[in-house]
Amino acid sequence: MGKIDNVFSERNFLWGSGTAAYQCEGGWDADKKGTGEWDYFNHNSALNVNSQDGDDASDFFHRYKEDIDLMAEGNQNTYRFSISWARVVPNGTGEVNQGGIDYYNDMINYCLEKNIEPNVTLFHYDLPLELAKQGGWLNRNITDAFNEYAQVCFEAFGDRVKLWSTINEPRYYSYCTNMVGNYPPNRHQDVQSYFQYQYNLMLASAKAITSFRKMNIDGMIGIVHDNGNVELDPDTENKEEIFKIADFFYNRMILVPALEGKLPDELEEMKEKFKFMIFHEDGDKELFEKGKGDYLGLNLYNRQYVKHWESGETEVFHNNKGAQSKSKEGIRLEGLFESSFDKNVKRNQWGREVNPRIMYTALIEIKERYSDPLIMITENGHGIYETPDKDDYVIDNERIETFEQFLKYMLQAKEAGVNVKGYYHWSTMDLYSWINGYEKRYGLVRVDFENDFKRTPKKSYYWFKDYIEHYNEEINNN
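Residues numbered from 1 in each chain as written. Predicted model: local features only at pLDDT ≥ 70, side-chain atom pairs only at ≥ 80, totals over all residues. Heavy atoms only, no water.

(A) View of the overall build of the protein. Per the secondary structure count, the protein includes 16 helices and 15 strands. The 478 residues of the protein split such that 64% are buried. For the protein, the share of sequence-separated contacts (at least 6 apart) that also reach a separation of at least 24 residues comes to 77%. Looking at the protein as shown, the accessible area adds up to about 18700 Å², and 43% of this sits on carbon and sulfur atoms. Charge separation in the protein, taken as the distance between the mean sites of 54 positive and 79 negative side-chain charges, equals 2 Å. (Helix = DSSP H or I, 4+ residues; strand = E, 2+ residues; numbered from the N terminus. Buried < 20%, exposed > 50% of the residue type's maximum accessible area, 1.4 Å probe, protein only. Contact = heavy atoms within 4.5 Å. Areas by Shrake-Rupley, 256 points an atom, 1.4 Å probe, with all protein chains shown as cover. Lys, Arg positive; Asp, Glu negative; His and termini not counted. Charge placed at Lys NZ, Arg CZ, Asp CG, Glu CD.)

(B) Spotlight on helix H10 (residues 191-214). When the terminal C-alpha atoms of H10 are compared, their 35 Å separation across 24 residues agrees well with the 34 Å that a helix rising 1.5 Å per residue should span. Most of H10 sits inside the fold, with 21 of its 24 residues counted as buried. Remark: Asn216 follows H10 within two positions and exhibits a positive phi of approximately 55°. (Expected span 1.5 Å × (residues − 1).)

(C) Focus on the packing of helix H6 (residues 98-113) against helix H8 (residues 142-157). Two elements in contact, H6 and H8, have axes separated by 11 Å at closest approach and are oriented at 45°. Here H6 is positioned oblique relative to H8, judged by the angle of their axes. Where H6 crosses over H8, the handedness of that crossing is right-handed. Of the residues in H8, those touching H6 at Ile101, Tyr104, Asn105 and Ile108 are Val152, Ala156 and Phe157. The class makeup of the residues in the contact of H6 with H8 is 6 nonpolar, 1 polar and no charged. (Axes fitted to C-alpha atoms, helices over the stretch in contact; angles between N-to-C directions. Parallel < 35°, antiparallel > 145°, perpendicular 65-115°, else oblique. Left-handed = near helix turned anticlockwise from the far one by under 90°. Nonpolar A, V, L, I, M, F, W, Y, C, P; charged D, E, K, R; others polar.)

(D) Representation of the packing of aromatic side chains. Applying the stated criterion across every chain, the model contains 60 aromatic pairs. Cation over ring: Arg87 sits above Tyr103, and NZ or CZ is 5.6 Å from the ring centre. It is Arg303 that lies over the ring of Tyr305; its NZ or CZ is 4.0 Å from the centre. (Phe/Tyr/Trp six-rings, centres within 6.5 Å; stacked < 30°, edge-to-face > 60°. Lys NZ or Arg CZ within 6 Å of the ring centre and 35° of its normal.)

(E) Focus on the pairing of strand E4 (residues 163-168). Among the 6 residues that make up E4, 6 are buried, leaving the element largely enclosed by the rest of the structure. In this structure, strand E3 (residues 117-123) lies alongside E4, joined through 4 bridges in parallel fashion. Counterpart to Asn119 in the pairing with E4 is Leu163. When E4 meets strand E5 (residues 220-226), the two strands line up parallel, connected through 4 bridges. For Leu163, the partnering residue across the bridge sits in E5 and is Met220. (Pairing = 2+ DSSP bridges.)

(F) Structural detail: the sheet that holds strand E11 (residues 337-339). Pairing within the open sheet is mixed, and its 5 strands lie in the order E6-E8-E11-E10-E9. If you trace the sheet from one side to the other, it starts and ends with strand E6 (230-232) and strand E9 (315-317), each paired once. For this sheet the average axis-to-axis angle between neighbouring strands, irrespective of direction, equals 30°. In terms of strand pairing, E6 meets strand E8 (residues 304-308) through 3 bridges, oriented parallel. Its bridge partner being in E8, Val230 is matched across the sheet by Gln304. Of the strands in this sheet, E6, E8, strand E10 (330-333) and E11 are in contact with helix H11 (residues 239-260), which crosses E6 at around 155°.

(G) Structural view of the side chain of Asp233. By secondary structure assignment, the location of Asp233 is in the loop between E6 and H11. One buried charged residue, Asp233, forms no salt bridge at all, with the nearest opposite charge on Lys307 at 5.3 Å. Engagement of the side chain of Asp233 in a polar contact is seen with the backbone nitrogen of Asp235, the distance being 2.8 Å. At 2.6 Å, the side chain of Asp233 forms a polar contact with the side chain of Ser340. Apart from residues lying up to four places away in sequence, Asp233 is in contact with Lys239, Tyr305, Val306, Lys307 and Ser340. (Salt bridge = Lys/Arg side-chain N within 4 Å of Asp/Glu carboxyl O. Polar contact = N/O pair within 3.5 Å; in protein donor to acceptor, adjacent residues only side chain to side chain.)

(H) How the structure looks around unusual backbone geometry. Of note, the amide linkage connecting Pro184 to Pro185 takes the cis form, showing an omega dihedral of 10°. Residue placement: Pro185 occurs in the loop between helix H9 (170-180) and H10. With an omega of 15°, the peptide bond between Trp426 and Ser427 qualifies as cis. In this fold, Ser427 is placed in the loop between strand E13 (420-426) and strand E14 (445-448). For Lys32, which is not glycine, the phi dihedral falls at a positive 70°. Tracing the backbone through its elements, the reader meets Lys32 in the loop between helix H2 (21-24) and helix H3 (37-43). Positive phi, close to 70°, is recorded for Asp392, a residue that is not glycine. Mapped onto the fold, Asp392 is located in the loop between strand E12 (375-379) and helix H15 (397-415).

(I) The arrangement of the packing of helix H14 (residues 357-369) against H15 in detail. The interhelical angle for the contact between H14 and H15, taken along N-to-C directions, is 25°, at an axis separation of 7 Å. When the axis of H14 is compared with that of H15, the two are roughly parallel. As H14 packs across H15, the resulting crossing turns out to be right-handed. Of the residues in H15, those touching H14 at Arg357, Met359, Tyr360 and Leu363 are Phe406, Tyr409, Met410, Gln412 and Ala413.

(J) Quick peek at the side chain of Thr19. As for its placement among the helices and strands, Thr19 is situated in the loop between strand E1 (14-18) and H2. At 2.6 Å, the side chain of Thr19 and the side chain of Tyr79 are in polar contact. In contact with Thr19, other than residues within four places in its own chain, are Cys24, Tyr79, Arg80, Phe81, Ser82, Trp426, Thr428, Met429 and Leu431.

This is the structure we're talking about:
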């Protein structure tokens, strides 16, 4: 039996939490780390949308042992984190930084010492600046640079890391970068770049997965997609057509390559509808065939609730100001479709639906449409404003109530036959929110950013600890 089999056979279920390098590590220039695109973006006052940065973040770089100890004490048996590309390969290509390799080796080893299964994401939004200067993900050459970087990581960590994902949320990353314009380099409503990004990201993933297999790494590798399951407003006209168009916009350029090893059958049709081109080369078809993943990571918060286009020019709706804004998250694509707003569904203070039922419907839909893949819920959580008591303790009942409902629907889907193997709560501790800075809190553990990054487990931390314990007892008793 290979070591990857032991990941699942020795554990009833993978229960953990997750972070991303830029959002939690800090140490932005420590040990010869290269400059990242977000470093440049946030150090430039004309570009930074929240006047805060991730230079120190949650100081995980220096405090990882404390955080991993808390995971272990909280009954978590796995930790999902990303590697900073610029910490390992400072310029994106070429020279490897041994300081970065040593840091991640130490952190991975400590996870294993505490019986925490590391689950590594190679790219979570933080592109090395030198590659960004060359066009970033619009430059096809980046797919080879990513493959080289992936090979460095496989070689350095593959003897111990058994769970890998290539890229976090290629669709949503492209959306924020090219449609919303709140991630660098801040393009707005650029449909051409939106789809070309996704193509290049998936091509890079396919190349890295092929390398993973050629190197005979004992493990599993896949990609992480932000849940985009489409539901139609009952008043939608031409329902079948609108569903097909919206599903392509939110899902198909990721799920079809990831799970079927090809491009969507409807790609040519959708090029006409959305008016975009894909720059590609001969041989890409074979690369996608070889780059099918072993599993799908699903980051699940909400659905995409849409209807037919009624009127108005293309416009993206996004709330980057939280309680200071009444904006609701959505989009209008002229001549195609637009978001609908369900008055019966609660929204958080950033205008996003909070609808735990979607956990069940999304998992069932993927099982039925994509040949029952192995799935891990790689992100799920609830962002809120928080006020601690005098002892720095947070009673986050709202998070717990939402958390419990999401888990209920996940386990219902599992009972219905969905091959879901793990759940990662977002996030391990409070961290830097890409657009909302440090006010928007997701963590199971409070971080006092004004007091030496003091850690204090929240009520939700203890709730999750008890939930995992009761789940494991029930499984063992049966």
